[in-house]
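Residue-level listing of the chains:
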Amino acid sequence: MSQQRHGSTSGGSDRANAVPAFPDLPEATIARLPEYLRALHNLGEGGADTISSEGLAAAAGVNSAKLRKDLSHLGSYGTRGVGYDIALLIEQIEYVLGLDQRRAVCLVGVGNLGHALAGYDGFASRGFKIVALFDADPSKVGERIHGLIVRHIDELPQVAVEETIAIGVIATPAGAAQAVADELVAAGVTSILNFAPCVLSVPANVDVRKVDLAIELQILSFHEHRKASLTALPGGRSATGAGNQEAVGS
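Each chain carries its own residue numbering, running from 1 in the direction its sequence is written. Confidence filtering applies because this is a predicted model: local features only for residues at pLDDT of at least 70, side-chain atom pairs given and counted only at 80 or more, and all residues used for totals across whole chains, interfaces and linings. Excluding hydrogens and water, the side-chain values take into account all heavy atoms of the structure.

Description of the overall build of the protein
The cut-off we apply is this: Runs of E in the DSSP output that reach at least two residues are strands. Runs of H or I that reach at least four are helices, and both are numbered from the N terminus. Burial here depends on accessible area, computed with a 1.4 Å probe over protein chains only, as a share of the maximum for the residue type. Under 20% is buried, over 50% is exposed, and the range in between is partly exposed. Two residues form a contact once any of their heavy atoms are found within 4.5 Å.
The helix and strand inventory of the protein stands at 10 helices and 9 strands. Here the protein holds 250 residues, and 34% of them are scored as buried. Long-range pairs, those at least 24 residues apart, make up 57% of the contacts in the protein with a sequence separation of at least 6.

Some points on the packing of helix α2 (residues 27-45) against helix α5 (residues 86-96)
To keep it simple, the criterion reads: Simply put, an axis is a line fit to the C-alpha atoms, just over the touching stretch for a helix, and the angle between two N-to-C directions goes from 0 to 180 degrees. Put simply, a crossing is left-handed when the front helix is turned counterclockwise from the back one by less than a right angle, and right-handed when it is turned clockwise.
Running from N to C, α2 and α5 point in directions that differ by 145 degrees, and their axes come no closer than 10 Å. Crossing hand, α2 versus α5: left-handed. Across from L33, Y36, L37, L40, H41, L43 and G44 in α2, the residues of α5 making contact are I86, L89, I90, I93, E94 and V96.

Description of the UniProt feature "DNA-binding region" (unreviewed entry) in the protein
The cut-off we apply is this: UniProt positions are given in the numbering used here, feature names are shortened, and annotations may be inferred rather than shown by experiment.
Under the local residue numbering, the UniProt record ascribes the feature "DNA-binding region" (unreviewed entry) to residues 35-74. The distance from the first to the last C-alpha atom of residues 35-74 is 15 Å, and the span holds 70% helix and 5% strand.

Overview of the UniProt feature "binding site: NAD(+)" (unreviewed entry) in the protein
Here, the residues flagged by UniProt with the feature "binding site: NAD(+)" (unreviewed entry) are G109, V110, G111, N112, L113 and G114. Checked against the element boundaries, V110 lands in the loop between β3 (103-108) and α6 (112-118). Among residues more than four places away in sequence, those in contact with V110 are H115, L133, F134, D135, K140, I145 and V150. Relative to the helices and strands, N112 is located in helix α6.

Considering the pattern of salt bridges
Counted only if it meets this: The salt bridge definition used is simple: a Lys or Arg side-chain nitrogen within 4 Å of an Asp or Glu carboxyl oxygen.
Applying the stated criterion across every chain, the model contains 5 salt bridges. A salt bridge links R32 to D70; the nearest nitrogen and oxygen atoms lie 2.6 Å apart. Of this pair, R32 sits in helix α2 while D70 sits in helix α4 (residues 64-72), placing them 38 residues apart in sequence. D70 carries the same exposure label as R32, and that label is buried.

What follows is the structure in structure tokens.
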């Protein structure tokens, strides 16, 4: 689903010089920016100050031509013979992704998946804070999970205002997901990450990202099937003989 992109008026003069007017990015580029950001953080934590386009592309699992085109949308072209300044590029990407401010997130559905998501440290390290947990099951309401008390879903409107929640995560069974999405939208939440295996109907101003692990496994199954079919043909080649390939879905 298409992503709604909004400009920002915040940020100091340094950031204004580093980042051009808010870019209208292709969807594929938006999807790859977090991969570049993760690779840059790993490189920076390893002590590197600069990185070539080839080095960053390898770390992010894409080809270098695609990476250079993506980063050119941000006005970042690197320096010939030096590469990209890692700290500056992190700042540019975080600004475009809106990670220069902390995003309050709520999670609805505290079953096995919800428990795991509530305790995932990766959210906080990338600028997201889970501020509230909700469930409709009375037996789960009041439970403490990673320092947060599970609230009844009926409290969502009040908590959404108090915590300024903009992003909601749905980790309920498929049959409950649409009703939860409706409640999130009614409470003013404008972005939803949906782990339920279903398609949600939301207003045009609400962005939805869907994570379906079963679908990802089915896609991998296709590639396993394709590789097996290639090796079964006369003169077929093995996947290992084809050399390293860019990660599926990049």
